[in-house]
Amino acid sequence: MIEKGSETVKIGVKFCGGCNPGYERSKIVKRICAEFPQVEIEPVREESAYDLILLISGCHAECLSVAAWQQQAPVISIYQEIDYDKIQKYLKDMCGKKS
């Protein structure tokens, strides 16, 4: 695991199936990359270690199971674009930035 204030934070991302998205889900990843260049993002894999797993859903149907990933790393679920604040707050803390 990456220690707070470390240079790199590794995030595994899992997208929902996209059957009813209410927003452009890929914008979340683009915003993270633009705001936090020290973050590495890749599709989540069971055999990899992450500092955070990000589940990005297009709606509130909750088709992505948090429980399936909780034992591997902390999990943040995003259901709408405004939820970006959750990931932003977490990453600011993780990367040692001042709010």
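For the structure itself, consult the block above.
The structure contained in this document is the topic of the report that follows. Source: prediction; values computed, not measured.

Conventions used here
- Residues numbered from 1 in each chain as written.
- Predicted model: local features only at pLDDT ≥ 70, side-chain atom pairs only at ≥ 80, totals over all residues.
- Heavy atoms only, no water.
- Axes fitted to C-alpha atoms, helices over the stretch in contact; angles between N-to-C directions.
- Helix = DSSP H or I, 4+ residues; strand = E, 2+ residues; numbered from the N terminus.
- Parallel < 35°, antiparallel > 145°, perpendicular 65-115°, else oblique.
- Left-handed = near helix turned anticlockwise from the far one by under 90°.
- Contact = heavy atoms within 4.5 Å.
- Nonpolar A, V, L, I, M, F, W, Y, C, P; charged D, E, K, R; others polar.
- Pairing = 2+ DSSP bridges.
- Buried < 20%, exposed > 50% of the residue type's maximum accessible area, 1.4 Å probe, protein only.
- Arc of directions from axis to C-beta.

All right, on to the packing of helix 1 (residues 26–35) against helix 2 (residues 84–94) then. Packed helices, taken two at a time, are described by the angle between their axes plus the distance between the axes. The contact between helix 1 and helix 2 brings their axes to 11 Å, and the two run at 30°. The pairing of helix 1 with helix 2 is recorded here as roughly parallel in orientation. By crossing handedness, the relation of helix 1 to helix 2 is classed as right-handed. Mapping the contact onto sequence places I28, R31, I32 and E35 in helix 1 and Y84, I87, Q88, L91 and K92 in helix 2. Taken together, the residues of the contact of helix 1 with helix 2 break down into five nonpolar, one polar and three charged.

Once that is clear, we can look at the environment of H60. Its place among the elements puts H60 in the loop between strand 3 (52–56) and strand 4 (75–78). Between the alpha carbons of H60 and I78 there is a distance of 9.1 Å; along the sequence they are 18 residues apart.

Strands sit in the order 2-1-3-4 across an open sheet of four strands; the sheet is parallel. If you trace the sheet from one side to the other, it starts and ends with strand 2 (39–43) and strand 4, each paired once. The sheet shows a mean angle of 25° between the axes of neighbouring strands, direction not considered. Two strands pair when backbone bridges link them, and strand 3 and strand 4 are joined in this way by four bridges, in the parallel orientation. From the neighbouring strand, I56 faces strand 4, where its bridge partner is I78.

For the rest of this paragraph, the subject is helix 1. Within an α-helix, residues lying three or four positions from one another point in the same direction, as the helix has 3.6 residues per turn. Restricting attention to buried positions, one finds in helix 1 the residues I28, V29 and I32. End-on, the buried residues of helix 1 take up no more than an arc of 95°, which puts them together on one face. Exposed residues on helix 1 whose side chains face more than 90 degrees from its buried face are K30 and A34. At its buried positions, helix 1 is contacted by strand 1 (9–15), strand 2, strand 3, strand 4 and helix 2.

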